[in-house]
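Per-entry structural report
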Amino acid sequence: MNIQIANRLVELRKTHGLSQEALAEQLGISRQAISKWERAEASPDTENLMTLCSLYGVTMDSILYPERKQETPKAEPKKQEKKPKPPKAPKLHLPKTPLQKAGEHILKFPFPLFVIALYVGLGLGFKLWHPGWLVFLLLPIYYHLGGAFCVRRKKALLLALPVPEVVLSIYLMVGIFAHVWAKSLLILIVIPLYYWLVACFYHDDESKKS
């Protein structure tokens, strides 16, 4: 028996407050036998080992292999339970208004091709390359009008109307055809005045209720 086992037997005996004589009496052997175990001069047989384990409340491995650390099994970390996501509120599909349907048709129409054909026709047929280019101003007016129709609220529709493009087109036509550039600048005042009037004095029905 090695010295480590002998030291372990001494440690266990003293931990339980037993003398060699008291331990020998409980095992039914002589004190000299206990002394030889603790000096590593002899080894306890299997029966005595089992009795020692029962007496000290330990396993046989803890006596025979004291250098091994008795590892306690590590508790597995608890898996975090995923909280169920709250159900998404169903999207409300409101029926489209007649203006919205008209706006969708406007946006789908190949209007740029129509404008190009109109410009080429004016140029070739009537030699109106200038001021025929003014027809291209119809493009932003057309598409802004279609986008405005797709808006559901009336105030948003008014703010999305192509008022600046229309006013600018009128200013250019007056300047080109009537040669009145300076005085016609007053027409441009309509743009900020229009937005100011809509923002200040027009309210949707829902805003009035609140």
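Structural notes, computed from the coordinates.

Rules and cut-offs
Residues numbered from 1 in each chain as written. Predicted model: local features only at pLDDT ≥ 70, side-chain atom pairs only at ≥ 80, totals over all residues. Heavy atoms only, no water. Axes fitted to C-alpha atoms, helices over the stretch in contact; angles between N-to-C directions. Helix = DSSP H or I, 4+ residues; strand = E, 2+ residues; numbered from the N terminus. Left-handed = near helix turned anticlockwise from the far one by under 90°. Contact = heavy atoms within 4.5 Å. Nonpolar A, V, L, I, M, F, W, Y, C, P; charged D, E, K, R; others polar. Expected span 1.5 Å × (residues − 1). Salt bridge = Lys/Arg side-chain N within 4 Å of Asp/Glu carboxyl O. Buried < 20%, exposed > 50% of the residue type's maximum accessible area, 1.4 Å probe, protein only. 1 Å grid on protein atoms, 1.4 Å probe; cavity = no way out; pocket = protein on both sides within 12 Å on 5 of 7 lines; lining within 4 Å. Points joined across faces, edges and corners; volume = space filled by probe spheres on them. Phe/Tyr/Trp six-rings, centres within 6.5 Å; stacked < 30°, edge-to-face > 60°.

**Quick word on the packing of helix H6 (residues 98–108) against helix H9 (residues 138–149)**
Packed helices, taken two at a time, are described by the angle between their axes plus the distance between the axes. Direction vectors running N to C along H6 and H9 enclose 150 degrees, while the axes themselves pass 7 Å from each other. In the crossing of H6 with H9, the sense of the turn from one axis to the other is left-handed. Residues Leu-99, Gln-100, Gly-103, Ile-106 and Leu-107 of H6 form the contact with H9, whose participating residues are Tyr-142, Tyr-143, Gly-146, Gly-147 and Phe-149. For the contact of H6 with H9, a count of residues per class yields 6 nonpolar, 4 polar and no charged.

**Focus on helix H1 (residues 3–15)**
Here H1 spans 18 Å end to end across 13 residues, near enough to the 18 Å set by a 1.5 Å rise per residue. At its buried positions, H1 is contacted by helix H2 (20–27), helix H3 (31–38), helix H4 (46–56) and helix H5 (60–64). Two residues or fewer past H1, Gly-17 is found with a positive phi of approximately 65 degrees.

**Remarks on the pattern of salt bridges**
Per the stated rule, a full pass over the model turns up 5 salt bridges. Its salt-bridge partner being Glu-38, residue Arg-13 comes within 2.5 Å of it at the nearest N-O pair. Of the two residues, Arg-13 sits in helix H1 while Glu-38 sits in helix H3, which places them 25 residues apart along the sequence. With a closest N to O distance of 3.0 Å, Glu-41 and Arg-39 form a salt bridge. For Arg-39, a relative accessible area of 44% gives the class partly exposed.

**Side note on the layout of surface pockets**
If you roll a probe as big as a water molecule over the atoms, it shows you where there is empty space left. Volume-wise, the second largest pocket comes out at about 150 Å³. Taken together, Leu-122, Pro-131, Gly-132, Leu-134, Val-135, Leu-137, Leu-138, Ile-141, Ser-169, Met-173 and Phe-177 make up the lining of the second largest pocket. Taken together, the elements giving at least two residues each to the lining of the second largest pocket come down to helix H8 (129–132), H9 and helix H11 (163–178). No other element matches the 3 residues that H11 contributes to the lining of the second largest pocket. The residue makeup of the lining of the second largest pocket, split by class, is 9 nonpolar, 2 polar and no charged.

**So, the environment of Val-10**
The residue Val-10 is located in helix H1 in this model. Along the chain, Val-10 and Ser-35 lie 25 residues apart, while their C-alpha atoms are 9.4 Å from each other.

**Points about the packing of aromatic side chains**
Enumeration according to the criterion identifies 9 aromatic pairs in this entry. Centroid distance Tyr-142 to Tyr-143: 5.2 Å. Interplanar angle 85 degrees. Geometry classified as edge-to-face. When its relative accessible area of 16% is taken as the criterion, Tyr-142 is described as buried. When its relative accessible area of 27% is taken as the criterion, Tyr-143 is described as partly exposed. Among the aromatic residues, those joined into a cluster by ring pairs are Phe-109, Phe-111, Phe-114, Tyr-142 and Tyr-143.

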